[in-house]
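Understanding the architecture of this molecule
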Amino acid sequence: MFDLLTEKFSSVVEKLKRAKKLDEKTVDEALKDIRRALLEADVNVEVVQQFILDIKQKLVGQEVIKGLNAGETVIKLIYDELLNILGEAEPLTKAEKPPTIIMLVGLQGTGKTTTAGKLANYLKSKGFTVGVASTDVRRPAAAKQLCTLAQTIDVPCFVDENEKDALKLTEKVINQAKNAGLSYLILDTAGRLHIDEELMDELVKIKEKVHPHEILYVADSMQGQEAIETAKEYHDRVGLTGVILTKVDGDAKGGIALSVRKVLGVPIKFVGVGEKISDFEPFYPDRLAQRILGLGDIQSLIEKMEAAIDEDKAKKMAERVMNAEFTLEDLKEQLQMIKNLGPLENVLKMIPGIGSKIKDLKVDEKQFVKIEAIINSMTPEEREKPHIINGSRKKRIARGSGTTIMDVNKLLKQHKEMKKMMKKMKKSGKMKLPFNMPNLPF
Amino acid sequence: MFKSVVDRLKKGLNKTKKQLSESLSVLNFARSIDESLFEEVEFALLKADVGVEATEEIIDFLKKESKKRKIKDGEQLKQLLKEKLVEILSCCRGQLNLIGEKPDVILFLGINGSGKTTTVGKLAALLKREGKSVVLAAADTFRAAAIEQLEVWADRVGARIVKHQAGADPAAVVYDAVNSAKARGDDIVLVDTAGRLHTKEHLMKELQKIKKTIQKFSPNQPCETLLVLDGTIGQNSIKQAEVFKQATDVTGIVITKLDGTAKGGVLIPICQKLKIPIKFIGVGEDIEDLQPFDPENFVEALLG
Ligand SMILES: Nc1nc2c(ncn2[C@@H]2O[C@H](COP(=O)(O)OP(=O)(O)OP(=O)(O)O)[C@@H](O)[C@H]2O)c(=O)[nH]1
Ligand SMILES: Nc1nc2c(ncn2[C@@H]2O[C@H](COP(=O)(O)OP(=O)(O)OP(=O)(O)O)[C@@H](O)[C@H]2O)c(=O)[nH]1
Ligand SMILES: [Mg+2]
Ligand SMILES: [Mg+2]
């Protein structure tokens, strides 16, 4: 997600790193590049102007921070400013008396119904009893859609397809759900335009009937310049308590993420990262800020690994990665784990310094099969010490795996580069500023 | 077409016009040209989702051209801007291309939630009003209740629907739909596909497979491959158009949700870069809310 922004920022960062002095020209040029990057990322124009002004002001008379060079000082300032814009992560509210009612609102097609399913799944996996209910009488097959999702994760779904009045429907489903002993109830609403008086009125009335503890605005992360006006109107009418960004699995530029907190003062709570019901994560501002600057998102990566993978194995792997003892056997094991992690592009993008470099990278999962086959044809010793693999060994391995010597060579080279990269990662430590990475294999 | 339809189109267009005009129309062109006027125009174009690159180009053009033509007055500058935008968009004036094979096949594609299914429904209604017999192919077998959603539309417009079960192979649905349309002599098959992000290569391949299936029946089909763009989306639409075009030879664009406050200005860079004809605009959720794209009106509306 947010690749373009990351890419652009990385190039600014690269330039800045080389700067020895914080003179006006250096700063102005960097700010110009940043302005452009932000605009191309659909960040609201007003927010962009303000951001640039703020940074500029801070830079005037700024001393170079101890231990950092001039360029790094600017990067640090930008990072802080990004964090400032993105605000703090905030958890979901929990009602004193259950159920906690969470209402999802937003424009047409942003992903409310899908998100209702995802959020239910997320809360259920945390051990809560959850239900979903629909108040959408407009979108064809809305109820069916919600209940199909609910069914796949085995949570109750409250609907009434014969009720065509949204308010009456609300009353019915709420009454049913309240007696179901739930800790959370997620209420789906029909998509509506912020300028649709009648439907916005309806939303206010639904809210008044339900008294939700959270009203989450479900926003498409690809939205353009109107994103903020739209969200603002929603906020003014119903009082939002949070935002969920959807479809960030694409190459969305994330402009709304940078604008929404600043303008509305409402936190982003979750992000949707795919079409599957498990493609859903809490939102962490610091991680996004690091990602934007090309500092990677190692934390998310580790968490994701932990969720998908046997914890012990993952820890061991992380250790090996950190110590750069990464053997071919590890690579194979990792490929197997990665398969459980979901789309590989997403995973790779979280690795520091890589995210921005693989914009056009297409991961062909078939390659995996090949790599596995090659590694499987190696002896344990070869997997441990790839440098012993000479010409005749290569021939044997290629034959055994039904590949070519070229394939074997490629894999060995890739593995070597990965290892080199990991060494660099280790050396540079976690919060060190970006560094050049060799291009990732695959 | 029937009178009521024309009225409806007019009404919708006015609505769009009002929305589209907002940001540029508040600009006061009734003054002489100076740097601050250019800055304001730039700002307004950016706000309309025209994008940095195209906006910079347009502003550069305006600066040079106004010097060349010795334009001093803001109103004339506005005229110049209008001309420029119409010139850009005129390359993309497009009409639905039907070739009269039985059936003609129209394939719909686009990212998640952009409005494909709804547009299929609206276009089916429009074609039925013109007396055509229309079949809907429920080739989104992936999203929850996608088939049921299309069924509701089929009911609404009185079109036949061809569907399989959820999870079935979309290409097989398409095969059945075209095959049965051919056997029955239906005029048009509209194929609704699952939303997919342009970044997901395997899903783009699936579209190519669907297309191949259609081509088994006639090399001239699909006579239209329509990319449905969400008008509220910003600069990402450019990338979408590029990738979908490359993967499937998109022949036309439909841009939806222009009944909101989004300006759809991203059509300008898309048109400049890719020259894909724009066939319709979506201006609401109801059956009549689909209109032909008209560059003059669009620009007129954009500038107020
Ligand atoms: N790729 C991707 N697709 C998503 C994500 N979230 C939702 N979608 C897709 O977006 C499309 C629209 O989602 P819905 O849940 O129907 O949207 P909605 O807001 O309920 O739509 P209305 O009720 O019509 O306003 C569907 O195709 C979803 O599968 C996401 O995080 N990533
Ligand atoms: N206001 C407005 N809403 C629209 C327009 N076109 C579609 N919609 C709404 O947008 C939402 C999504 O539309 P769909 O037709 O389901 O979109 P889709 O592209 O088929 O979605 P997926 O199949 O999930 O990818 C629905 O609530 C539609 O009613 C339009 O022109 N204006
Ligand atoms: Mg919905
Ligand atoms: Mg659909």
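Residues numbered from 1 in each chain as written. Chains lettered and ligands numbered in written order. Predicted model: local features only at pLDDT ≥ 70, side-chain atom pairs only at ≥ 80, totals over all residues.

1. Considering the overall build of chain A
What counts, and what does not: A helix here means a DSSP run of H or I that spans at least four residues, while a strand means a run of E at least two residues long, and both kinds are numbered starting from the N terminus. Distance between backbone-placed C-beta atoms decides contact: two residues are in contact if it is within 7 Å.
Counting secondary structure elements, chain A contains 19 helices and eight strands. Contacts in chain A between residues at least 24 apart in sequence constitute 74% of all its contacts with a sequence separation of at least 6.

2. Observations regarding helix H5 (residues 116-129) of chain B
All names here are of chain B. Convention followed: The span one expects for a helix is its residue count, reduced by one, times 1.5 Å. In this scheme every C-beta is placed from the backbone, and a residue whose C-beta has 20 or more other C-beta atoms within 10 Å is buried, one with 12 or fewer is exposed, and one in between is partly exposed.
Taking 1.5 Å per residue as the helical rise, H5 with its 14 residues ought to reach 20 Å, and the 20 Å between its terminal C-alpha atoms agrees with that figure. H5 sits mainly inside the fold: 12 of its 14 residues count as buried. If you check which residues of H5 are buried, you get Lys116, Thr117, Thr118, Thr119, Val120, Gly121, Lys122, Leu123, Ala124, Ala125, Leu126 and Leu127. Just beyond H5, the residue with positive phi is glycine 131, at close to 90°.

3. So, the site of ligand 1
To be explicit about the condition: Any residue whose backbone-placed C-beta atom lies within 6 Å of a molecule or strand is treated as near that molecule or strand. Note on residue classes: Ala, Val, Leu, Ile, Met, Phe, Trp, Tyr, Cys and Pro are nonpolar, Asp, Glu, Lys and Arg are charged, and everything else, Gly too, is polar.
Around ligand 1 there are 26 residues in total, and A:Gly111, A:Gly191, A:Gly272, B:Asn112 and B:Gly113 lie nearest to it. Residues lining ligand 1 come from chains A and B. No other element matches the three residues that helix H5 (residues 112-125) of chain A contributes to the shell around ligand 1. Class assignment of the residues belonging to the shell around ligand 1 gives a composition of four nonpolar, 14 polar and eight charged.

4. Thoughts on the sheet that holds strand S4 (residues 184-188) of chain A
Residues and elements named next belong to chain A. Defined as follows: Any two strands between which DSSP finds at least two bridges are classified as paired. Axis angles are defined between N-to-C directions and span 0 to 180 degrees, where every axis is a line fitted to C-alpha atoms and, for a helix, only to the segment in contact.
Sheet architecture is open: eight strands sit in the order S3-S2-S4-S1-S5-S6-S7-S8, paired in mixed fashion. The open sheet is flanked by strand S3 (157-158) and strand S8 (280-282), the only strands paired with a single partner. Both strand S6 (residues 242-246) and strand S7 (residues 268-272) contribute to a ladder of three bridges, which runs parallel. Directly across from leucine 245, in S7, lies its bridge partner valine 271. Relative to the sheet, helix H6 (residues 142-152) contacts strand S2 (130-134), S3 and S4, its axis offset from that of S2 by approximately 170°. Relative to strand S1 (residues 100-105), helix H8 (residues 197-210) is tilted by about 175°, and along the sheet it contacts S1, S4 and strand S5 (214-220).

5. Some remarks on the domain arrangement of chain A
Residue and element names in this part refer to chain A. To be explicit about the condition: Start and end positions for the domains come from either an automated domain assignment or a database one.
Domains assigned within chain A are domain 1 (3-86), domain 2 (100-282) and domain 3 (298-428). Taken together, the contacts link 12 residues of domain 1 with 13 residues of domain 2. Listed by contribution, the elements that provide at least two residues to the side of domain 1 that touches domain 2 are helix H1 (3-18), helix H3 (45-59) and helix H4 (70-86). The leading source of residues in the side of domain 1 that touches domain 2 is H1, at three residues.

6. A word on the interface of chain B and chain A
Listed by partner, the interface residues are 32 residues for chain B and 35 residues for chain A. Of all the secondary structure elements, the ones that give two or more residues to the side of chain B that touches chain A are helix H2 (35-47), helix H6 (146-157) and helix H9 (236-248) of chain B. No other element matches H6(B), which puts four residues into the side of chain B that touches chain A. The class makeup of the residues in the side of chain B that touches chain A is 11 nonpolar, 12 polar and nine charged.

7. A word on the domain arrangement of chain B
On domain assignment, one finds that chain B holds domain 1 (3-90) and domain 2 (104-294). Just the C-alpha atoms count here: the centres of domain 1 of chain B and domain 2 of chain B sit 31 Å apart.

8. Quick look at the nonpolar core
We apply this condition: Each nonpolar core reported here comprises buried Ala, Val, Leu, Ile, Met, Phe, Trp, Tyr and Cys residues connected via C-beta atoms within 7 Å.
Membership of the largest hydrophobic core comes to 173 residues, with the highest contact counts inside it found for A:Ile186, B:Leu136, B:Ala137 and B:Leu190. When neighbours within four sequence positions are excluded, B:Leu136 is seen to be in contact with B:Val120, B:Ala124, B:Leu150, B:Ala154, B:Ala159, B:Ile161, B:Leu190 and B:Asp192. Counting residues in each nonpolar core, the second largest holds nine residues, with A:Leu328, A:Leu331, A:Ile375 and A:Ile397 among its members.

9. A word on the site of ligand 2
Taken together, 27 residues lie near ligand 2, and A:Gly109, B:Gly115, B:Thr118, B:Gly195 and B:Gly282 sit nearest. Flanking ligand 2 are residues from chains A and B. No other element matches the three residues that H5(B) contributes to the shell around ligand 2.

10. A short note on the pairing of S2(A)
All names here are of chain A. Taken across its five residues, S2 has five buried, putting it largely inside the fold. Relative to S4, S2 runs parallel, the two being bridged by five bridges. Across the sheet, glycine 131 pairs through a bridge with leucine 185, a residue of S4.

11. Let's talk about the environment of B:Thr251
Along the chain, B:Thr251 falls in the loop between H9 and strand S6 (252-256). Beyond its immediate sequence surroundings of up to four residues, B:Thr251 is in contact with B:Asn97, B:Glu224 and B:Thr225.

12. Thoughts on the sheet that holds S6(B)
Residues and elements named next belong to chain B. With respect to topology, eight strands assemble into an open sheet ordered S3-S2-S4-S1-S5-S6-S7-S8, the strand pairing being mixed. Strands with a single pairing partner mark the edges of an open sheet, and in this sheet they are strand S3 (160-162) and strand S8 (290-292). Here the strands of the sheet are splayed against their neighbours by 25° on average, with no regard to which way each runs. With respect to the sheet, H5 is in contact with strand S1 (104-109), strand S2 (134-139), strand S4 (188-193), strand S5 (224-230), S6, strand S7 (278-282) and S8, its orientation differing from that of S4 by roughly 170°. The strands that helix H7 (residues 170-184) touches are S1, S2, S3 and S4; relative to S2, the one it contacts most, it runs at about 165°.

13. What about unusual backbone geometry?
Residue A:Pro99 is bonded to the preceding A:Pro98 through a cis peptide linkage, with omega at 0°. The residue A:Pro99 is located in the loop between H4 and S1 in this model. The omega angle of the peptide bond from B:Gln221 to B:Pro222 is -5°, so this bond is cis rather than trans. Take B:Pro222: it is sitting in the loop between helix H8 (201-215) and S5. In the Ramachandran plot, A:His211 falls in the positive-phi region, its phi being about 50° despite a non-glycine side chain. Considering the arrangement of structural elements, one finds A:His211 in the loop between H8 and S5.

14. Considerations on the environment of A:Val13
Of note, A:Val13 is situated in helix H1. For the pair formed by A:Val13 and A:Ile78, sequence separation is 65 residues and the distance between their alpha carbons is 9.9 Å.

15. Description of the packing of helix H4 (residues 74-90) of chain B against helix H10 (residues 267-274) of chain B
Residue and element names in this part refer to chain B. Quick note on the threshold: Angles are sorted into four bins: roughly parallel if under 35 degrees, roughly antiparallel if over 145, roughly perpendicular if 65 to 115, and oblique for all others. We call a crossing left-handed when the near helix sits turned anticlockwise from the far one by less than a right angle, and right-handed when that turn is clockwise.
Their axes nearest at 8 Å, the elements H4 and H10 cross at an angle of 55°. Overall, the two elements H4 and H10 adopt an arrangement that is oblique. Where H4 crosses over H10, the handedness of that crossing is left-handed. Contacts from Leu85, Ile88 and Leu89 of H4 reach H10 at Leu267, Ile268, Cys271 and Gln272. Its residues assigned to classes, the contact of H4 with H10 shows six nonpolar, one polar and no charged.

16. Focus on the packing of H4(B) against helix H11 (residues 295-303) of chain B
All names here are of chain B. Between H4 and H11, the shortest axis-to-axis distance is 9 Å and the interhelical angle comes to 145°. You can see that H4 and H11 cross each other, and the crossing is right-handed. Packed against H4, whose contacting residues are Lys78, Leu81, Lys82, Leu85, Val86, Leu89 and Ser90, the element H11 presents Pro295, Glu296, Phe298, Val299, Leu302 and Leu303 at the interface. Residues that form the contact of H4 with H11 fall into these classes: nine nonpolar, one polar and three charged.

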